[in-house]
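In case you want the letters, here they are:
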Amino acid sequence: LRTFQKLEDPSQAFGVANAINRKFRLLQASVDEDGDLVIKSQLTLLGGVTAEHLRVRFELWRGMLATMVEGMQ
């Protein structure tokens, strides 16, 4: 899973990425060449994929993103 966010102050992107990496061990945050914050998380496919597994992973992804957005405000 991957998303990106333009920040109001691009000079803070590296600090925000580092804070996300420290707080959320299942996310990998970085800054792309345009200065946008990029957030990635891997889906584990080992042993096959079920609809339930994907549902749980997407719920976790949305929850982490919501928590992160709340913390950035």
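Note: the structure precedes this text.
Read on for an overview of the structure. For clarity, every value in this text was computed on a predicted model and none was experimentally measured.

The next thing to look at is the pattern of salt bridges. Tallied over the full model, the rule gives three salt bridges. Its salt-bridge partner being lysine 6, residue aspartate 36 comes within 3.5 Å of it at the nearest N-O pair. Here the residue aspartate 36 occupies a position in the loop between strand S2 (28-31) and strand S3 (37-40), and lysine 6 occupies one in the loop between strand S1 (2-5) and helix H1 (13-23), the gap between them amounting to 30 residues. Here lysine 6 falls in the exposed class, since its relative accessible area comes to 55%. For glutamate 59, the salt bridge goes to arginine 55, with nearest N and O atoms at 2.5 Å.

A separate point is the side chain of aspartate 36. Overall, the relative accessible area of 6% leaves aspartate 36 in the buried class. At a separation of 3.5 Å, a polar atom in the side chain of aspartate 36 contacts the side chain of lysine 6.

Cut-off values and rules
- One numbering rule holds for all chains: residues counted from 1, following each sequence as written.
- Restriction of local features to residues with pLDDT of at least 70 applies here, the model being predicted, together with a cutoff of 80 or more for giving and counting side-chain atom pairs; totals for whole chains, interfaces and linings are based on all residues.
- With hydrogens and water stripped out, all remaining heavy atoms of the structure feed into the side-chain values.
- The working definition used for a salt bridge is a side-chain nitrogen of Lys or Arg within 4 Å of a carboxyl oxygen of Asp or Glu.
- Only DSSP runs of H or I covering at least 4 residues are called helices, and only runs of E covering at least 2 are called strands; the numbering of each starts at the N terminus.
- For each residue, the accessible area found with a 1.4 Å probe, counting protein chains only, is set against the maximum for its type, and the residue is called buried under 20%, exposed over 50%, and partly exposed in between.
- N or O atoms closer than or at 3.5 Å make up a polar contact, with two conditions inside protein: a donor-capable atom paired with an acceptor-capable one, and, for residues adjacent in sequence, both atoms drawn from side chains.

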